[in-house]
Structures are given as structure tokens and as C-alpha cells.
Amino acid sequence: MPTPAAVMKRRLRDLEARAAELRERIAVLQQEADQVEEQATRWRIGGEIFEEVEQELREGGAGGRAGEAGEPEIAGAGEAAESVSRYVPQWSEGADPARLPGLYAEIVSFVSGADRPVRVPDVVRALFGEGAGRSSQEGVRAQLKHLVERCWLASEDGRSFTAVSR
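Novice: So what's going on with a negative patch on the surface? Residues and values would help.
Specialist: Where like charges cluster on the molecular surface, the negative patch consists of Glu48, Glu51, Glu52, Glu56 and Glu59. With respect to the element layout, Glu59 can be found in helix H1 (residues 4-59). Judged by its relative accessible area of 51%, Glu59 is exposed.

Written out as C-alpha cells, the structure is:
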């Protein structure tokens, strides 16, 4: 029969071995978490750059000083209204919303399919899910207002959006 001291030493060795095993697993998981976080950071930065470019296009710019000496003229970099009309066309009879650029087509489709006026958070949840941040809301708000300006959607108060009755 083992002595109490021997039982205690065996239990201590088992616990120490288990702790070492858990530390190894933690190290592997930490390395994996660091890799995933690095990927998430890259995607976050890419999304921010994408939003900046979209905003520039909406505002009529094309990312800089077009037409300066040695720089090529960028289509749509002129007058803001002209650029906007190239990016999101004015609605016209027979216009196909599916041909709108980027998220505009998805926004028009969602709003058109809604049975009531929708607000920005409704659209953001439909497009990006529950975890979408404030920057997504502001981008979608700008797109919704732009679609109203171009007669694809309607809004009486600038906060609720509906499909245009045609």
C-alpha cells in the first residue's frame, strides 16, 4: 500500500504535467489567435480604404488631383454632379436596379422588398449582419440618400426610406 506522501507526490506530478500540457495548448491557441487577428486587421484596413474610395467617388473625386502635369486625367474626376451621374445613374423608365454599382443594387432590392419604410439600421443589419459598426451605418446612410437624390428610392424625412411607387 502506497504511503500518503507517495500519493501526494504522484498527484503533484500529474497536476504539474497537466498544467504544462495546458500551457502548450494556450501557446498554440495564442499563436492562432494572433494570426487571425492579423488577418482581421488587414480586412479592417481594406474595408476602411474601400469606404474612403467609395466616399471619394460619391463626392466626385477620384483619389487626388486629376489632370495635373504628368498625371493622367481620371474619368469622373471633374464636376461632382457629372461624376455622381456616372457612378449611380439617374433612374429612368426601364432602368434595372440590379445593374447599379456595388451595394446600391442590394440596398434598392432590400428596400423594395420591405413591407414598411426602412431605416438605416434595418438596411445595415440586412446587408452586414448584427455586428456591423457605426462606419457601416454612415456609409449606408450616404448611399440611401444618394439613391433618393437619383430617384431610385423615396424618403420624406431623410430617416425612413421606401421604394418609389411607379
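Novice: For the packing of helix H4 (residues 120-128) against helix H5 (residues 134-149), give the residues involved together with the corresponding values.
Specialist: Close contact between H4 and H5 brings their axes to 9 Å; oriented N to C, the two are set at 110 degrees. As summarised for this structure, H4 and H5 are arranged roughly perpendicular, according to the angle between their axes. Here H4 runs over H5; the crossing is right-handed. Seen from H4, the contacting residues are Val120, Pro121, Val123, Val124, Leu127 and Phe128; seen from H5, they are Ser136, Gln137, Val140, Arg141 and Leu144. Its residues placed into classes, the contact of H4 with H5 shows 8 nonpolar, 2 polar and 1 charged.

Novice: Which residues make up the nonpolar core, and what values do they have?
Specialist: When a protein is soluble and globular, its nonpolar side chains tend to lie buried together. By size, the foremost hydrophobic cluster in this structure holds 18 residues, and its most contacted members are Leu100, Ile107, Leu144 and Leu147. Those elements that provide at least two residues to this core are helix H3 (104-113), H4 and H5. For Leu147, the residues in contact, after removing those within four places along its chain, are Val88, Leu100, Tyr104, Ile107, Val108, Trp152 and Leu153.

Novice: Describe the pattern of salt bridges, listing the residues and the values that go with them.
Specialist: Overall, the coordinates contain 6 salt bridges when judged by the stated rule. Between Arg18 and Glu21 there is a salt bridge; the shortest N-O distance is 2.8 Å. Taken together, the positions of Arg18 and Glu21, both in helix H1 and 3 residues apart, correspond to about one turn of that helix. By relative accessible area, which is 38% here, Arg18 ends up partly exposed. In this structure Glu21 comes out as partly exposed when scored by relative accessible area, which is 40%. Arg44 is the partner of Glu37 in a salt bridge, and the nearest nitrogen-oxygen pair spans 3.8 Å. With relative accessibility at 44%, the residue Glu37 sits in the partly exposed group.

Novice: Hey, could you go over the packing of H3 against H4 for me, with residue numbers and the actual values?
Specialist: Taken N-terminus to C-terminus, the directions of H3 and H4 make an angle of 115 degrees; their axes are 10 Å apart at the nearest point. The two elements H3 and H4 meet at a crossing, and its hand is right-handed. Counting all contacts with H3, which are made through Glu106, Ile107, Phe110 and Val111, the residues of H4 involved are Asp122, Val123, Ala126 and Leu127. Split into classes, the residues belonging to the contact of H3 with H4 amount to 6 nonpolar, no polar and 2 charged.

Novice: Describe the confidence of the model for the protein chain, listing the residues and the values that go with them.
Specialist: A residue-level look at the protein chain finds 83% of positions with pLDDT of 70 or above and a mean pLDDT of 81. By mean pLDDT, helix H2 (residues 80-87) is the weakest element of the protein chain at 47, and strand E1 (residues 118-119) is the strongest at 95. Predicted confidence is poor over residues 62-85, with pLDDT under 50, and the contacts of this stretch with residues over four places away or in other chains come to 26 contacts.

Novice: Got a sec to walk through the layout of surface pockets? Specific residues and values, please.
Specialist: Approximately 400 Å³ is the volume attributed to the largest pocket. Forming the boundary of the largest pocket are 16 residues, of which Gly47, Glu51, Phe128, Ser135 and Ser136 lie nearest the centre. When contributions to the lining of the largest pocket are tallied by element, the ones reaching two or more residues are H1 and H5. In terms of residues, the lining of the largest pocket owes the most to one element, H1, which gives 8 residues. Taken together, the residues of the lining of the largest pocket break down into 4 nonpolar, 6 polar and 6 charged.

Conventions we followed
- Residues numbered from 1 in each chain as written.
- Predicted model: local features only at pLDDT ≥ 70, side-chain atom pairs only at ≥ 80, totals over all residues.
- Heavy atoms only, no water.
- Patch = residues over 30% accessible without salt bridge, like charges linked within 9 Å, V, L, I, M, F, W, Y side chains within 5 Å.
- Areas by Shrake-Rupley, 256 points an atom, 1.4 Å probe, with all protein chains shown as cover.
- Salt bridge = Lys/Arg side-chain N within 4 Å of Asp/Glu carboxyl O.
- Lys, Arg positive; Asp, Glu negative; His and termini not counted.
- Charge placed at Lys NZ, Arg CZ, Asp CG, Glu CD.
- Helix = DSSP H or I, 4+ residues; strand = E, 2+ residues; numbered from the N terminus.
- Buried < 20%, exposed > 50% of the residue type's maximum accessible area, 1.4 Å probe, protein only.
- Axes fitted to C-alpha atoms, helices over the stretch in contact; angles between N-to-C directions.
- Parallel < 35°, antiparallel > 145°, perpendicular 65-115°, else oblique.
- Left-handed = near helix turned anticlockwise from the far one by under 90°.
- Contact = heavy atoms within 4.5 Å.
- Nonpolar A, V, L, I, M, F, W, Y, C, P; charged D, E, K, R; others polar.
- Core = buried A, V, L, I, M, F, W, Y, C linked by side-chain atoms within 4.5 Å.
- pLDDT = per-residue confidence, 0-100.
- 1 Å grid on protein atoms, 1.4 Å probe; cavity = no way out; pocket = protein on both sides within 12 Å on 5 of 7 lines; lining within 4 Å.
- Points joined across faces, edges and corners; volume = space filled by probe spheres on them.

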